[in-house]
Structures are given as C-alpha cells and as structure tokens.
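Spelled out from the first residue to the last, the chains are:
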Amino acid sequence: MNDILTLLRPRFLSFKNSKGDGLTRIIVLGIIGVIFWGGLFAVSLRLLTYFQSIEELGNILAWKLLSMVLVIYFSLLVFSSILTALSKLYISKDLMLVHVMPVAGYKIFFARWIESAIDSSWTIIIFTLPVLISYGIIYKAGPFFYILIALVLLLLSLIASIISAVLVMVTVIIVPPGRMKSIFVFLGLLLFLLLYLAFRVIRPERLVDPEAFATFLSYLKIMETPSSPFLPSTWAFDAIQASLMSITGAMFLNLSLLLAGAGAMIFLSILIADAIYVKGVSKSQTARKTLRKPKPGKNPRVLAFLPRPVQAYVIKEIKTFFRDQTQWSQIFLILALIIIYIYNFKVLPLDRSPIKTIYLQNILAFLNMGLAAFVLTAVAGRFAYPAVSLEGESFWLVTSSPVKLKTFLWIKYFIYFIPLLLLTEVLIVVTNILLAVSPFLMWLSIITILFIAPAVVSLGIGLGAAYPDFNSENAAQAITSFGGLIFMMLAAVYITGIIVLEAGPVYRIFMAGVHKQSIPLTGWVWIAGSFLLAAAISILTMIYAMRFGEKHLADLTLARK
C-alpha cells in the first residue's frame, strides 16, 4: 500500500502546489460550474415536479427517466475511461521512469488506474448529482439517500473504469507489436457499437408514443420493463428506487451487488495486470517502426495559389492528421453521432402528437439549429481546440519557420473549418428533410449554420492557441484543461445568444405565414435588425477569437525565448 501511495504522491502534490494562475483558473471554473450545476438542478426539479402532476403515469415516467440517466451515465463513463486508461497505462511520458522503480507491475497498474478513474469520472459525477438530488427532494428522501447516491455513483465509476482498464490491457496484448496505434481504430468501432446499443436499449421515443402499444396497460407494462439484471446500472437504479420507496432490504441487496461487483472486478484486474500489464508496456514501447524517408513529391495543384511555405505547412497538417490514427479514428465516433442524431428525428411520432404537425415540425426544425450547433461544438472541441497543443515540443519549429503565427493559426482554422461546416450542414439538411419543414426554415437553418460554424471553429482555434498545453499526451487531455472548458462554455453562450436573437423574428414570420397576415414595415425593420445583429456577432466572434489566440500565443513564444 505504501508503494501505491508513493506512486500517487506526485499527483497529490500537483494539486497542493496549485497557486497563482492555477488557483485563479480553479475559481473561475468553479463559478462557471456552479452556474451550470444550478441550471441542471432547476431543470431536473421542474421536470420531476411536472411528472408528479400526472396521475398514474407520473411515477413511471420518473423511474424511466432515472433508468435512462443511469444507463447514459454508465455508458459515458465507459467511453471516457477507455481513452483515459489507454493514455495513463501505455502512452504517458513518465512510464519508463516509473517502471524502472523497484515496484511490482500490478502496483503500478493500480496506482495508474486510480488516476485514470478520477480523471474520467469526476466531471460526469458532478453533473449527474443535481439530477439525483432533485429525486430526493421530490420524493422527500431522508439524509441517508444523499449518502447512498454518492456511494452508488462512486461504485458505478469504479466498475466502468476497471472494465475499461481490463479491456485496454487485453487489447494491447492481442494487437501485434507493430500495430499499436491500431488499438484506436478498434476502440473507435467499439465506442460506436456501445453508444448505439445503449441508446437503443433505452428507446426514448416510447416516452412520447403510447399509441404504439395495443392498450394503455401494455404501454405501462413496457414502460416499467427493467433493463438487464446483469448491468451495474440496473443495480444502481434498483438501489436508488428502493431507497426512495423506503424498501430497505432491496436497497441493501442492490448496494451489496454493486459493492461486490466492484470488489470482484478490481481483484480480477489486479490478477490480470500481474500477468500481462508489464508485457503490454514493453510491447507498446518497442513497437515503433523505423520510419522510411518520404519520397519528394510535387505539391497538389489545388494549393498552387498559396505561397510555397504555406503550401508546405498545409500539406504537413493534412499528412500529420491522417498518419495519426488517434485523430482520424475518431471519425467512427462522429459517424455514430450522425447516425443516432438523424435516427432520432426519423422515429419521432409527429403524426400522433396533440400539437398540429405543421407547428411541431417547424418548432423542432428551429431547435434543431441549436442542437446541430452543439454537436458542432463537441466535434470542434475534439479536433479544432487541441490543434495547437498537439504540436507538442516541436512547436519551436513553427516559431523558427518563415510562416507567421497568424498564418499558422489561419491554416489550422481552414483545415478544420471546411469539414466541420460540411458535417453540420449535412445534419441540418437531412434532419429538416425528415421533418418536412418549410422552405423558409430550411434556408434559414442553412444560412445560420453558415455563420455559426466559422465562429465556433475560430473559438476552438483561438482559445486553443491562447491556452496551449504542449505537454498534453492526447487531444482528450487538452480539451479537459482550463482553456478547453472555457471554450465549451463560451461556445454554449454564443450559440444560445444566436438562437435567442432569431427566435422572435422566426416566430413572427412563421405565424404571419400560417394566418396569411402581412408584416408591417416596423416589423420587417426589427426582423432585419435581429438577423443582422446575429450575423455581426458571428463575424466579430470569429475575428476577435483568432486575434486573441494570436496575441496570447505570440506572448507565450516571447516568454519562452
């Protein structure tokens, strides 16, 4: 145990020594986090209060929502834990230093796993707590309930992280030594399958489609059907539900299942680690192939209009991206997002809704702009924001090249802007076709995304340049930094502002068309002013974000010199 504490000591000291700018960042993130936490709590409380007002069906809807939350929580933990475990166990820069210490391999694994579990789960735990706390308030639970949910989330996190660690260890042993990076392709496919299966297991469209069943009683029966009894998320759900209903025996039984499952998995993982972990580390470190000298070739004609130094750097960026399987293999996850996103619109029972279809279609189409923009933010956070940080220690080559920092950042911008714009436009167009929206909303959505995409990508590149982490070992680590969280928050505020600015004019135009009314001149002036203001905010966001990143990156470069 002393050896494990010694291995964890550097991590503890890094938190203890957070002073000055680091402490300021923690305070800023804390304030922003409290605001979002409070908003999530308020929404959850309001939704559960509404459920309680529905006779017969209210409790069932609340339980189904709780089941969905826990399934999604467990799935997200597995997703984040896989990549974090791979980084901590096999890719970290200090691994060779740690493995020359006179410590058993399984102890090194255990210490690294603890770090991985903390890194991959703390954010998800914090933002799941307000949902569960709202259940305690609505159902008037006692003080023990709040201890229970903290314990349940902790055990679920341990189970998810240990499953991920074992999966990574076994995969590293199976994959041939010369193809270590192919693990990321495998994990990308696995993430796709897990995400799709988890989403289809909960089948959220059933919440709004009772007519899909023969009778109301069959609907209630389907809604009450539990998930698989072998899933840890089911044990967690049963424990929380039993606590809220004051069924002590069932609560302790399911809590014991979680505790026993976590203990058994940890014990099994230590046995596996003792047998194969050190071998896997050795394979991963000796699997580097000798790089062949690339043959000189001509630059593509499509780049002929650019100066030669810029051409060379653009080609370098494109080749680096496709050679790094940790980057392009994430395309599998993006494809999963696209398929699930589009499928959600396909299964919506719009024709059975009590709201007129024409209203519901156009309301969903307008909200769809915001949803697609948030998908864009998530993808930009994974690719655009870490673009500068991934230069690593070789960034000094950029500063000594004939390419200016401004040009360097704009090259990064356009490389990610074009594919991300196409991705978001495809989402908008396809979902709007499925919704059969009016031509006005179709063109409005396309044009709005045409302004939102460059602003969001510029926020990613600009803030990534202002807060670079050249010591980050992967893109996931960069986006979880201070700058990454600021990017996500600012992008959310910007998108919300644009949607709010357009909401009033769109409603006015839509209702005038439905009732066949004319809009007075003052109305058109207000509508044009709102759209122009949204466009101006988008353009200013793009320009200022890039300038902000350039200035801070230049200051950092001068400080390093």
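What counts and what doesn't
Residues numbered from 1 in each chain as written. Predicted model: local features only at pLDDT ≥ 70, side-chain atom pairs only at ≥ 80, totals over all residues. Heavy atoms only, no water. Helix = DSSP H or I, 4+ residues; strand = E, 2+ residues; numbered from the N terminus. Buried < 20%, exposed > 50% of the residue type's maximum accessible area, 1.4 Å probe, protein only. Contact = heavy atoms within 4.5 Å. Areas by Shrake-Rupley, 256 points an atom, 1.4 Å probe, with all protein chains shown as cover. Core = buried A, V, L, I, M, F, W, Y, C linked by side-chain atoms within 4.5 Å. Axes fitted to C-alpha atoms, helices over the stretch in contact; angles between N-to-C directions. Left-handed = near helix turned anticlockwise from the far one by under 90°. Nonpolar A, V, L, I, M, F, W, Y, C, P; charged D, E, K, R; others polar. Parallel < 35°, antiparallel > 145°, perpendicular 65-115°, else oblique. pLDDT = per-residue confidence, 0-100. Expected span 1.5 Å × (residues − 1). Patch = residues over 30% accessible without salt bridge, like charges linked within 9 Å, V, L, I, M, F, W, Y side chains within 5 Å. Salt bridge = Lys/Arg side-chain N within 4 Å of Asp/Glu carboxyl O.

Visitor: In this structure, what is going on with the overall build of the protein? I would like to understand it.
Guide: For the protein, the helix and strand inventory stands at 20 helices and 0 strands. A total of 561 residues make up the protein; the buried ones form 47% of that total. When contacts within the protein are restricted to residue pairs at least 6 apart in sequence, long-range pairs at least 24 apart make up 82% of them. When the accessible area of the protein is evaluated, it comes to approximately 29100 Å², of which 72% is carbon and sulfur surface.

Visitor: Which parts of the structure should I look at to understand unusual backbone geometry?
Guide: Across residues other than glycine, the phi torsion is negative in most instances, and most of the peptide bonds are trans. Its identity as a non-glycine residue notwithstanding, Lys-140 has a phi of 55°, on the positive side. Here Lys-140 lies in the loop between α5 (105-138) and α6 (143-174). With relative accessibility at 72%, the residue Lys-140 sits in the exposed group. Even without being a glycine, Ser-246 presents a positive backbone phi close to 60°. In this fold, Ser-246 is placed in the loop between α9 (232-244) and α10 (248-286).

Visitor: Explain the nonpolar core here, please?
Guide: A general tendency of soluble globular proteins is for nonpolar side chains to be buried together. Counting residues in each nonpolar core, the largest one holds 66 residues, and the members touching the most others are Tyr-90, Phe-109, Tyr-135, Ile-240 and Tyr-277. Breaking this core down by element, the ones donating at least two residues are α1 (2-16), α2 (21-52), α3 (58-91), α4 (95-99), α5, α6, α9 and α10. Setting aside residues no more than four positions away along its own chain, Ile-240 makes contact with Leu-66, Leu-70, Leu-132, Phe-145, Leu-148, Ile-149 and Val-152. Among the nonpolar cores identified, the runner-up in size contains 63 residues, and Val-310, Ala-387, Leu-435 and Leu-441 belong to it.

Visitor: Whenever I open this one, the packing of α3 against α9 confuses me. Can you help?
Guide: Packed helices, taken two at a time, are described by their axes: the angle between them and the distance between them. In contact at an axis separation of 9 Å, α3 and α9 are set at 145° when each is read in the N-to-C sense. α3 and α9 meet at a crossing whose hand is right-handed. In this structure, α3 uses Trp-63, Leu-66, Ser-67, Leu-70, Val-71 and Phe-74 to contact α9, whose residues at the interface are Pro-232, Ser-233, Ala-236, Phe-237, Ile-240, Gln-241 and Leu-244. Looking at the contact of α3 with α9, its residues break down into 10 nonpolar, 3 polar and no charged.

Visitor: I would appreciate a short explanation of the packing of α6 against α9 in the present structure.
Guide: Across the interface, α6 lies against α9 with an axial gap of 10 Å and an inter-helix angle of 175°. Here α9 runs roughly antiparallel to α6, going by the angle between their axes. Contacts between α6 and α9 involve Phe-145, Leu-148, Ile-149, Val-152, Leu-156 and Ile-159 from the former and Pro-232, Ser-233, Ala-236, Ala-239, Ile-240, Ser-243 and Leu-244 from the latter. Taken together, the residues that form the contact of α6 with α9 break down as 11 nonpolar, 2 polar and no charged.

Visitor: In this structure, what is going on with the confidence of the model for the protein? I would like to understand it.
Guide: Low-pLDDT stretches of the model should not have their predicted coordinates read in fine detail. The share of residues in the protein with pLDDT of 70 or more is 73%, and the mean pLDDT across the chain is 76. Considering each helix and strand of the protein separately, the mean pLDDT is smallest for helix α8 (residues 216-224), with a value of 46, and largest for helix α17 (residues 439-466), with 90. Below a pLDDT of 50 lies the segment residues 212-226, which in the model reaches 19 contacts outside its immediate sequence neighbourhood of four places, other chains included. Contacts for the low-pLDDT stretch residues 288-293, under 50 throughout, to residues beyond four places or in other chains number 1 contact.

Visitor: I tried to follow α9 on my own but got confused; where do I start?
Guide: The periodicity of an α-helix, 3.6 residues per turn, causes residues three or four positions apart to be oriented the same way. Its 13 residues place the ends of α9 19 Å apart at the C-alpha level, agreeing with the 18 Å of an ideal helix rising 1.5 Å per residue. A large share of α9 lies buried, amounting to 12 of its 13 residues. Of the positions making up α9, those classed as buried are Pro-232, Ser-233, Thr-234, Trp-235, Ala-236, Phe-237, Ala-239, Ile-240, Gln-241, Ala-242, Ser-243 and Leu-244. Residue Ser-246 follows α9 closely and has a positive phi angle near 60°.

Visitor: Before we go on, may I ask you to explain a nonpolar patch on the surface in this structure?
Guide: There is a patch of nonpolar side chains on the surface, built from Trp-443, Ile-447, Leu-450, Phe-451, Ile-539 and Ile-543 and spanning about 550 Å² of accessible area. Looking at the nonpolar patch, the elements with two or more residues in it are α17 and α20 (521-560). Here the element with the most residues in the nonpolar patch is α17; it accounts for 4 residues. When you line up the elements, Ile-539 lands in helix α20. Residue class for Ile-539 comes out partly exposed when judged on its relative accessible area of 40%.

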